[in-house]
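A closer look at the structure
Residue strings, one per chain:
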Amino acid sequence: MTRDVPAPRFVVGDDPASGRAVARGPAARHGEDPRLLPAAVAVLVAANVLNNRVARRLAPVTSALAAGTLVGLARRSGLSWSEMGFGGGSRGVKIGGALAVAVAAVYSCGVLLPSTRRFFRDERALGLSRARLAEEALVQVPLGTVLLEEVAFRGVLPAVLRRSYGAGVAVAGSSALFGLWHVLPSLDMAAANPALGGLADAGSPASGRARVVVGSVVSTGLAGVFFHELRRRGGLPAPSLFHLATNSLGFLAARAARRLDRRGGRGAQPVGTTWKASA
């Protein structure tokens, strides 16, 4: 006489991110939860609109809640921590730290050269008080921008796409979504940076805005591919530190560019005060 044996609560499989065997719940098997991807995209669309159009100053709160929601959905579906890139340890910190130093060097050269200095004159920094500048660099960028973007586009979304479609689609798909994520910020980019605004004004206003949006989407999508390689080599810490340096040091570079222009007798360009969440 035989009796039915209950199905195991967990199954063992290879983790695509690390190659190691990991225990997973039933929902982690191929194609088990088709609702995860649309749910994650819906969370990101809501956060994007809130951060860029509705409650810009509350971006750190919105982004932290969205990141926590994405991780919760992913864990509930059976994704492991390592699949989402929560690892890398000291290796990721070393890689990200070295790239942060490189960013500082490149920004310094760009600000010191008169021919490239104008591209650093961003109103998001120039129109802020010292207190608001510190808030941007130390709160808005780390919590309002880097946290959600790295968890979403280098963590959860690649893991979801890899599970169903493989590593190639995971990188391409999440990088493309990362580019589209920057559509709303790019609509304000020309107004925030006089140099980019001049490029956008070449032709009709509509075509100029379209060039800025397309350029932003393509460039950030390509950056997403590079960030994925960093994530592969050092987990989420590597692209997170590089991303943080790129954005936070940009505010300081803008202030430095204006100061050098004033010392050189060029005078300051008109600066607006409209603030928006960091891109």
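Here, every reference points to the structure presented above.
Counting starts from 1 at the beginning of each chain's written sequence and moves along it residue by residue. Restriction of local features to residues with pLDDT of at least 70 applies here, the model being predicted, together with a cutoff of 80 or more for giving and counting side-chain atom pairs; totals for whole chains, interfaces and linings are based on all residues. Side-chain numbers here rest on the full set of heavy atoms in the structure, without hydrogens or water.

1. Here's the deal with the overall build of the protein chain
As a reminder, the rule being used: Runs of E in the DSSP output that reach at least two residues are strands. Runs of H or I that reach at least four are helices, and both are numbered from the N terminus. The classification of residues rests on relative accessible area computed with a 1.4 Å probe and restricted to protein chains. Under 20% of the type maximum is buried, over 50% is exposed, and intermediate values are partly exposed. Pairs of residues are marked as contacts when any of their non-hydrogen atoms sit within 4.5 Å. All accessible-area figures derive from a Shrake-Rupley calculation using a 1.4 Å probe, and residue coverage is judged against the displayed protein chains alone.
When its secondary structure is counted, the protein chain shows twelve helices and two strands. Of all 279 residues assigned to the protein chain, the portion counted as buried reaches 43%. Taking contacts inside the protein chain between residues at least 6 apart in sequence as the whole, the part at least 24 apart equals 77%. Surface accessibility of the protein chain: about 14,100 Å² in total, with carbon and sulfur atoms responsible for 66%.

2. Considerations on the nonpolar core
Condition: Among buried residues, those of type Ala, Val, Leu, Ile, Met, Phe, Trp, Tyr and Cys that are joined through side-chain atoms within 4.5 Å constitute a nonpolar core.
Among the nonpolar cores identified, the biggest contains 21 residues, and L44, L70, L79, M84, L148, F153 and V156 are the most heavily contacted of them. Elements with a minimum of two residues in this core: α1 (36-54), α2 (59-77), α6 (130-165) and α7 (167-181). Counting residues per element, this core draws most heavily on α6, which supplies eight residues. Setting aside its immediate chain neighbours within four residues, L79 contacts L36, A74, M84, A159, V160 and R163. Among the nonpolar cores identified, the runner-up in size contains 13 residues, and F120, A238, A253 and A257 belong to it.

3. Quick look at the environment of L126
Tracing the backbone through its elements, the reader meets L126 in helix α5 (residues 123-126). Residues L126 and R258, 132 residues apart in the sequence, show an inter-C-alpha distance of 7.9 Å.

4. Description of helix α12 (residues 237-263)
Definition in use: By definition here, a helix of n residues has an expected span of 1.5 Å times n minus one. Fitting axes to the seven residues ending at a residue and to the seven starting there, one defines the bend at that residue as the angle between these axes.
Compared with an ideal rise of 1.5 Å per residue, which puts 27 residues at 39 Å, α12 spans 38 Å between its outermost C-alpha atoms and is within 8% of the ideal. Its maximal kink placed at G250, α12 deviates by approximately 30°.

5. Points about a positive patch on the surface
As a reminder of what qualifies: Residues qualify for a patch when their relative accessible area is over 30% and they have no salt bridge, like charges being joined within 9 Å and the nonpolar side chains of Val, Leu, Ile, Met, Phe, Trp and Tyr within 5 Å. Any Lys or Arg side-chain nitrogen found within 4 Å of a carboxyl oxygen on Asp or Glu counts as a salt bridge. We score Asp and Glu as negative and Lys and Arg as positive, and we do not count His or the chain ends. All charge positions are set by atom: Lys at NZ, Arg at CZ, Asp at CG, Glu at CD.
Positive charge collects at one region of the surface, where R130, R259, R262 and R263 lie side by side. If you tally residues by element for the positive patch, the top one is α12, at three residues. Topologically, R263 is positioned in helix α12. Among the residues examined, R263 registers a relative accessible area of 67% and is labelled exposed.

6. Brief notes about the pattern of salt bridges
Oppositely charged side chains are able to pair whenever their charged atoms sit close together. Within the structure shown, the criterion is met by six salt bridges. The salt bridge partner of D261 is R117, with a shortest N-O separation of 3.1 Å. Within this pair, whereas D261 is found in helix α12, its partner R117 is found in helix α4 (residues 114-117), the two being separated by 144 residues in sequence. By the burial criterion, D261 is buried, and R117 matches it. E229 is the partner of R233 in a salt bridge, and the nearest nitrogen-oxygen pair spans 2.7 Å. Placement of the pair is R233 and E229 together in helix α11 (residues 205-234), with a separation of four residues, close to one helical turn. For R233, a relative accessible area of 43% translates into the label partly exposed.

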